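Residues per chain are reported as follows:
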Amino acid sequence: MRAFVEAVYRGVLGRNADDAGAHYSLGRLRDGMTPAQLIYEMMDSEEYEARHFGGAPDEAEPVLGLAPDWEERSRALAAKNMLSRERFEHAWAAIAKMPAFDVIGQQEYCEQHRERFFELVNAVAYLTHEQRCPRILEIGVSAASNLYAELFPEAQLDLLDRPVPEDYVGFNAERAQGIAGCRNYYALDLNEPASLPEDLTDGGGGYDLILFTETLSQLTVNPVELLDKLLGWLSPVGQLYLTTANFFSARYSQALIHGRNPAPFYPAGNGNWDAYHLYRDYSKIELLESVFAAGGETTAFNFSCSGQAGTEQVAEDQRPTLVCLVGRSAQGEQLGSDSERELMLHIGSDKAGSTAIQAHTYGNRDWLVRHGVYVPSSYLGKNNGHAGLLEELDASKLQTLLDELNQKAGRFRRLFLSWEGAQFLGDKELRLLAKYLGHYQVRIIYYLREQADVIQSGVLQNIKSQRVDIDLRQQAIEPSLPDTRDYHATIKRWEKHFPGLECEVVYYDRAVFPDGNVVKDLLSRLGCEDTDDFQFYTQDINISLDVPSALAAQQRLANETDEIARRDYVDALLLNLKNTSAGQKYFLDRQQVTSIRDYYSDSNQQLVDKYGVSSELLDSGRKLWVDGDENFSAETEMLVDSILQAADDIDSYPVLFGGFARDIDLQRYLAEGWEESGRDGAWTRSASCTLRMRPFLQGVLPFHSQYRLRLQGRYQGDGGQAAVLSVNGEIKGQLESGDTRIHIPFNSVPKSTALDVRIELAPGQRFLLKALRLVAIA
């Protein structure tokens, strides 16, 4: 069933299911929803609408390959203030007197693109103003190419265009070489990247600037293959200035709305005498992803009007032209084979900083990429690493991962995957993993804690996961000694399937980590020593139940069959624990801990001898037991009742799990002033009505700082005056028809995270609430 949910998320929403979403969807299926109904519900979601019909999703995946200062450069390019209009017009008048201006079609072309060339020469001025004799290559010849000799007489200009017959009426080699200031002319077919030379400057260090404007859409070529070649023509600090049409421009969008395909037909007959045809336009995301996949780093990006009348007033992302400035990535040249790449897998252990590692990996993915470590986006969760890939391993998932690595990670020597459950993979799963990934240099990173510590933490974790078959009191009498905690056996299993496997086995000890931080320790193992601009988080990442809270959970949930109720109550217990100090941590006595240490001692000794693991693993001397004759102290037993009461108070506010509820599911969150919710939503019954909810604590990640609450619905009739919307007594604005968004900083929310959302309507006014969305965001 989980595999079906994963497939639906990828097919409908184009992404992997996060924990909250998967849990919600699985619950809906268990409650009787048919697979078809789940698909239709997802297609009716706001995220689906945002993905397919525009709008702003709550959180967008960050685009990889953006330079840290890209926004500053983008503003500088957009300013167009390096060359005055007067100077440009003077140079423009001069080109009309040159022979190239008389080439067929050039007068019309130049006049049509006059403003675009003003933007272009300002970009050239900005990008070369610190260079004495910049080397420039312009791809695509026009009469306007004469501007460079007028405006940048010190520049060394080369030109490139497609091969044409000598008697071609447009720009052939002879006419192109007559362009003022042109040193070299190259007639090359960009549709055949494999045939292009590796260097155009004969070992001269490459170009300082390549101008590749309004040409990409005219080519029948994979953009990654071509960009890879063009970037190779740059000097180490050179830049590629690329412009192409925006597929999501207002003009194209209007055509789509009216049922028309904005792409033009191929010209009939001999109507394409000059071989000009727009084969494909691009979106921002796919253009930047192509740049990244080709080994480039986007150093600036803008949406441009390019002088097209009437486009200045449209939304920025609907302007007609994409402007992208690209430099060579620090990742180096394309590697010769996968055997030159190192695939690093963090395989565990659980309760050894894994959640911290994975949350920081997700939040700093772009930072890692800039520092030479590629983290695949396929199946990457916000706080569980690549669990979506490895937890239910199959060939289709691995092929998806391999496709991403082949397309986007070709220049990276270091690849990184993380999931602490990978330590439990069996022979069957490891054989499959080796089949797809064994051609890389594989290195596992394995953080270990003493088994006596992990076994006790694991029991509390299982109770946190609502495992009703786990009895804490029974475990205190007869603790389990699972073979899965034989760390040496785990490593031997991996070595069997990955010959030449490198193993970094690390005793989990904050005292020896840099600044006591396991994330910093991992970064050093990934080869990332300089962490000045790495974003470290200080919020709690993975709250664990203490012993009294676990006893409270078992007492309350013993006869609770409703999965949602169990989940909500455990979340309330965790929230209470977050707001108080943790109590008893261990539940085994000293003799039991000694027995566990003895049971695993031979295995642990081999880790010390063979892999250099700290001997602390054998017996750290840490007190991992409770004192006295009873495993549960009297103080712990007395705490249970007070914990139950505190959790009951918190649980009176239902969790908006997964951050989303619509139609009939709204009923749980309706307090006073509402009619019963139905398939269309819930109507207000009085002029003052309240919604009560709390966010899912485990859906809040360390890099989040606020909640975003969205209410979707409509007023009855013409609506009239918009209702006043407040949260916990603080007025947040007006309730609009359609979609209303408000932001709630964490520091303005009570520790219980209880949210009372109040709507004050005008007399006689009614509102139909169709959906609620509550998510934590950065």
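The structure displayed is predicted, hence computed values, not measured ones. (Residues numbered from 1 in each chain as written. Predicted model: local features only at pLDDT ≥ 70, side-chain atom pairs only at ≥ 80, totals over all residues. Heavy atoms only, no water.)

### Concerning the overall build of the protein chain
Alright, step 1. Helix and strand counts for the protein chain come out as 27 helices and 22 strands.
Alright, step 2. For the protein chain, the spread of C-alpha atoms along the three principal axes comes to 100 × 80 × 45 Å.
Alright, step 3. Taken across its 778 residues, the protein chain has 53% of its residues classed as buried.
Alright, step 4. Considering only contacts within the protein chain whose residues lie at least 6 apart along the sequence, 78% involve residues at least 24 apart.
Alright, step 5. Summed over all atoms, the accessible surface of the protein chain reaches about 35000 Å², with 47% contributed by carbon and sulfur. (Helix = DSSP H or I, 4+ residues; strand = E, 2+ residues; numbered from the N terminus. Buried < 20%, exposed > 50% of the residue type's maximum accessible area, 1.4 Å probe, protein only. Contact = heavy atoms within 4.5 Å. Areas by Shrake-Rupley, 256 points an atom, 1.4 Å probe, with all protein chains shown as cover.)

### A closer look at the sheet that holds strand β13 (residues 655-656)
Alright, step 1. Judged by pairing direction, the sheet is mixed, and its five strands sit side by side in the order β13-β16-β21-β18-β19 without closing on themselves. The open sheet has two edge strands, β13 and β19 (730-735), and neither has a second partner.
Alright, step 2. Here β13 runs beside strand β16 (residues 688-695); their pairing, made up of two bridges, is parallel. Counted as the bridge partner of V655 is R694 from β16.
Alright, step 3. Running at roughly 75° to β16, helix α24 (residues 563-579) makes contact with β13 and β16 of the sheet. (Pairing = 2+ DSSP bridges. Axes fitted to C-alpha atoms, helices over the stretch in contact; angles between N-to-C directions.)

### Focus: the environment of E316
Alright, step 1. Locating E316 in the fold gives a position in the loop between β6 (296-304) and β7 (321-328).
Alright, step 2. What makes E316 partly exposed here is its relative accessible area of 47%.
Alright, step 3. For the pair E316 and A155, spaced 161 residues apart in sequence, the C-alpha separation works out to 33 Å.

### Here we look at the packing of aromatic side chains
Alright, step 1. Applying the stated criterion across every chain, the model contains 20 aromatic pairs.
Alright, step 2. Ring centres of Y447 and F513 lie 6.0 Å apart, and the angle between their planes is 85°; on these two criteria the pair is classed as edge-to-face. One end of the pair, Y447, is in strand β11 (residues 441-448); the other, F513, is in the loop between β12 (502-507) and α22 (518-525), and 66 residues separate them in sequence.
Alright, step 3. What makes Y447 buried here is its relative accessible area of 0%.
Alright, step 4. Ring centres 5.6 Å apart and planes at 20° place the aromatic pair W494 and F498 in the stacked group. No difference in accessibility class separates W494 from F498, as the two residues are buried.
Alright, step 5. An aromatic cluster is defined as three or more aromatic residues linked by ring pairs; in this entry it consists of F88, W92, Y109, F117 and F118.
Alright, step 6. One Lys or Arg, R473, reaches over the ring of F632 and ends 5.3 Å from the middle of that ring. (Phe/Tyr/Trp six-rings, centres within 6.5 Å; stacked < 30°, edge-to-face > 60°. Lys NZ or Arg CZ within 6 Å of the ring centre and 35° of its normal.)

### Regarding the pattern of salt bridges
Alright, step 1. In this structure the tally under the stated criterion is 37 salt bridges.
Alright, step 2. Residue E111 is joined to R114 by a salt bridge in which the shortest nitrogen-to-oxygen separation is 3.5 Å.
Alright, step 3. On the basis of relative accessibility, which here comes to 47%, the residue E111 falls in the partly exposed class.
Alright, step 4. Bridged by salt links that share partners, the residues R85, E89, E111, R114 and E115 form one connected network. (Salt bridge = Lys/Arg side-chain N within 4 Å of Asp/Glu carboxyl O.)

### Description of the confidence of the model for the protein chain
A low pLDDT means the predicted coordinates there should not be read in detail.
Alright, step 1. Of all residues in the protein chain, 92% attain a pLDDT of 70 or more, and the chain-wide mean is 88.
Alright, step 2. Note on residues 52-59: pLDDT is under 50 here. Beyond four places in sequence and across chains, it has 19 contacts. (pLDDT = per-residue confidence, 0-100.)

### Observations regarding the sheet that holds strand β4 (residues 207-213)
Alright, step 1. One open sheet holds the seven strands; their spatial order is β3-β2-β1-β4-β5-β7-β6, and the pairing between them is mixed. This sheet does not close on itself; its edge strands, each paired only once, are β3 (182-187) and β6. Each adjacent strand pair in this sheet contributes to an overall mean axis angle of 15°, direction not counted.
Alright, step 2. The pairing of strand β1 (residues 135-139) with strand β2 (residues 156-161) spans five bridges and is parallel. Within β2, the position partnered with I136 by the bridge is L157.
Alright, step 3. Along the sheet, helix α8 (residues 114-128) makes contact with β1, β4, β5 (234-245), β6 and β7, crossing β4 at roughly 165°.

### Points about the side chain of Q592
Alright, step 1. Of note, Q592 is situated in helix α25 (residues 590-599).
Alright, step 2. Excluding its chain neighbours within four sequence positions, the residues that come into contact with Q592 are A476, I477, P479 and N631.

### A closer look at the nonpolar core
Alright, step 1. Membership of the largest hydrophobic core comes to 46 residues, with the highest contact counts inside it found for Y374, L433, L437 and W494.
Alright, step 2. Among the elements that line this core, the one with the most residues is helix α18 (residues 427-437), at five residues.
Alright, step 3. For L437, the residues in contact, after removing those within four places along its chain, are L343, L398, L401, L402, L405, L417 and V442.
Alright, step 4. I136, A144, L157 and L209 belong to the second largest nonpolar core, which has 41 residues in total. (Core = buried A, V, L, I, M, F, W, Y, C linked by side-chain atoms within 4.5 Å.)

### As for α22
Alright, step 1. For α22, the complete set of buried residues consists of V518, V519, D521, L522 and L523.
Alright, step 2. As for α22, its buried residues are in contact with α14 (354-363), α15 (365-370), β10 (414-418), β11 and β12.
Alright, step 3. Looking one or two residues beyond α22, the residue adopting positive phi is G527, at roughly 85°.

### Regarding the pairing of β16
Alright, step 1. Across the eight residues that make up β16, a large majority, seven, are buried.
Alright, step 2. Here six bridges tie β16 to strand β21 (residues 755-760), and the two strands are oriented antiparallel to one another. In the strand pairing of β21, M693 is matched with L755.

### A closer look at the pairing of β5
Alright, step 1. The buried fraction of β5 is high, at ten of twelve residues.
Alright, step 2. Across six bridges, β4 lies against β5 in parallel orientation. Directly across from L209, in β5, lies its bridge partner Q239.
Alright, step 3. Sheet topology note: the β5/β7 ladder contains seven bridges and is antiparallel. Within β7, the residue paired with A245 across the bridge is T321.

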